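# Secondary and tertiary structure notes
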Amino acid sequence: MSTKTPKGNAATGPSTIWGGRFAAGPSSLMEDINASIGFDKRLYAHDIAGSKAHARMLAAQGIISQDDATAIVDGLASIEAEIENGTFEFSAALEDIHMNVENRLAELIGEAAGRLHTARSRNDQVATDLRLWLRDAMDGLDAGVQGLQETLIGIAEAHSGTVMPGYTHLQAAQPVTLGHHMLAYVEMFGRDRGRLADARTRMNESPLGSAALAGTSFPIDRDATAAALGFDGVTRNSLDAVSDRDFAVEFLAAGSLLAVHLSRMAEEIVLWSSGQFGFVKISDSFSSGSSIMPQKRNPDAAELVRGKSGRVIGALNSLLVQLKGLPLAYGKDMQEDKEPVFDAADTLAICVAAMNGMLAEATFDAARMKDAAGHGFTTATDLADWLVRVPGLPFRQAHHVTGQLVKLAEDKDCGLEDLSLADMQAVEAAITDDVFSVLGLDESVASRTSAGGTAPENVKKAAAQARKRCL
């Protein structure tokens, strides 16, 4: 596909788009700033689908002849084939995808092409096109996130009992399992899918037939075009229909949260794949080397996912700023809605795919994880809980006693489980040999059986439930 400007300066004659109101066309600079075909040509399939539905409706309502509608629909099918095989020539002088298609339709079928725009405007046309495009993009993104969830659930099932450190403040806090950790992201991505689904439901109303802003005097059937295009119904107010971009903002807002969740996971992959952690090895497919240091193995895919989250968040901010001062109904500012939406959708799709690919090929070092979980007195909470549960100390007292024992272990440069019973009883006489039953890592994670807890049996059940719920 190519983009061209017709020979000659557009300023030498009246615009073929705007009609008889203007004595001269725009300057070349105006043409450059005004044209959107460079990016909105991505809407071609949806623009053509909307035009076909509109033409068929016009004929069914007796507004145009059936012969004209047939010629229009056949001509549009030919244009779509030209675009898909790369022979269609886009013109910046024709501004946008709508006029490029209509101009080519006139070349193919003649006068009948001029009847297509009856009872509609580019305002309702583009609002319809963008909803149709975004609906497809959201469906594809949902499928991608679902695939990522499936990979995470598989890891959780394989590592339901793999012990690792759980962190707060990036300090080892309590032992958890890798499976439990992976399922945390399954929940995050599930909420992301829910937000996208909610946004899609609200978006799935047809603006077509709202015309420029006030509706039309022609006896159109908006319900017919809505049904033909797979919408749940029609928008209820023509002013709102052509000026609304809430659906795009909602997509970008939901997408921004998805990007944040992807970025958080990417950050953990960066940390875990470092020599200091050594929890995971990213495959060669998703790693890179250094131009000067031959030993380097960099988790570049994860870093790029982390970095690209800023693009999505920036797209949301961009569209919000564009909309914040606009009076009803349509303003040319709204032409700037598409590039951030397109870029965010592309960015999210590739980030989800990259994250899925990284995790699917990743290998986890269970021994290194378990060893790390044993450092930092991560079973201290288990000791405090035991002091409450067995001798019956109030939790605050148990917390204080445990802190004293941690300090003692630090002084002796050993773990809590390495302290002698005599050492412990010197701090709290009520401690018995039974305390050692809760100081092991496996025992610690196995004891966390509360709903949503990290116990391996919990993880197995949660993974099974997630597989049924999410996939």
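Quick summary incoming for the structure in this document. (Residues numbered from 1 in each chain as written. Predicted model: local features only at pLDDT ≥ 70, side-chain atom pairs only at ≥ 80, totals over all residues. Heavy atoms only, no water.)

This part takes up the overall build of the chain. On a plain count of helices and strands, the chain comes out with 18 helices and eight strands. Considering only C-alpha atoms, the chain reaches an extent of 100 × 55 × 40 Å along its principal axes. Residue burial in the chain is summarised as follows: out of 471 residues, 48% are buried. Entry remark: accessible area of the chain is about 21600 Å², with carbon and sulfur atoms responsible for 52%. Distance from the positive charge centre (43 side chains) to the negative charge centre (62 side chains) of the chain: 1 Å. (Helix = DSSP H or I, 4+ residues; strand = E, 2+ residues; numbered from the N terminus. Buried < 20%, exposed > 50% of the residue type's maximum accessible area, 1.4 Å probe, protein only. Areas by Shrake-Rupley, 256 points an atom, 1.4 Å probe, with all protein chains shown as cover. Lys, Arg positive; Asp, Glu negative; His and termini not counted. Charge placed at Lys NZ, Arg CZ, Asp CG, Glu CD.)

Let us now look at the side chain of S160. Position of S160 among the secondary structure elements: in the loop between α6 (122-158) and β3 (163-168). Given a relative accessible area of 8%, S160 falls into the buried group. For S160, the residues in contact, after removing those within four places along its chain, are T177, P456, V459 and K460. (Contact = heavy atoms within 4.5 Å.)

One way to put it is that helix α4 (residues 66-85) packs onto helix α5 (residues 97-109) with a least axis distance of 9 Å and a crossing angle of 115 degrees. The hand of the α4/α5 crossing is right-handed. Contacts between α4 and α5 involve A71, I72, G75, L76, S78, I79 and E82 from the former and V101, R104, L105, L108 and I109 from the latter. In terms of residue class, the contact of α4 with α5 is made up of eight nonpolar, two polar and two charged. (Axes fitted to C-alpha atoms, helices over the stretch in contact; angles between N-to-C directions. Left-handed = near helix turned anticlockwise from the far one by under 90°. Nonpolar A, V, L, I, M, F, W, Y, C, P; charged D, E, K, R; others polar.)

Among the secondary structure elements, E361 is positioned in helix α12 (residues 338-361). Residue class for E361 comes out partly exposed when judged on its relative accessible area of 38%. Filtering out sequence-adjacent residues up to four positions away, E361 remains in contact with K281, S283, S285 and F286.

Between helix α3 (residues 44-60) and α5, the shortest axis-to-axis distance is 10 Å and the interhelical angle comes to 60 degrees. Between α3 and α5, the angle falls in the class oblique. The element α3 and its partner α5 pack so that their crossing is right-handed. Along its contact with α3, which presents Y44, D47 and I48, the element α5 presents I97, H98 and V101. (Parallel < 35°, antiparallel > 145°, perpendicular 65-115°, else oblique.)

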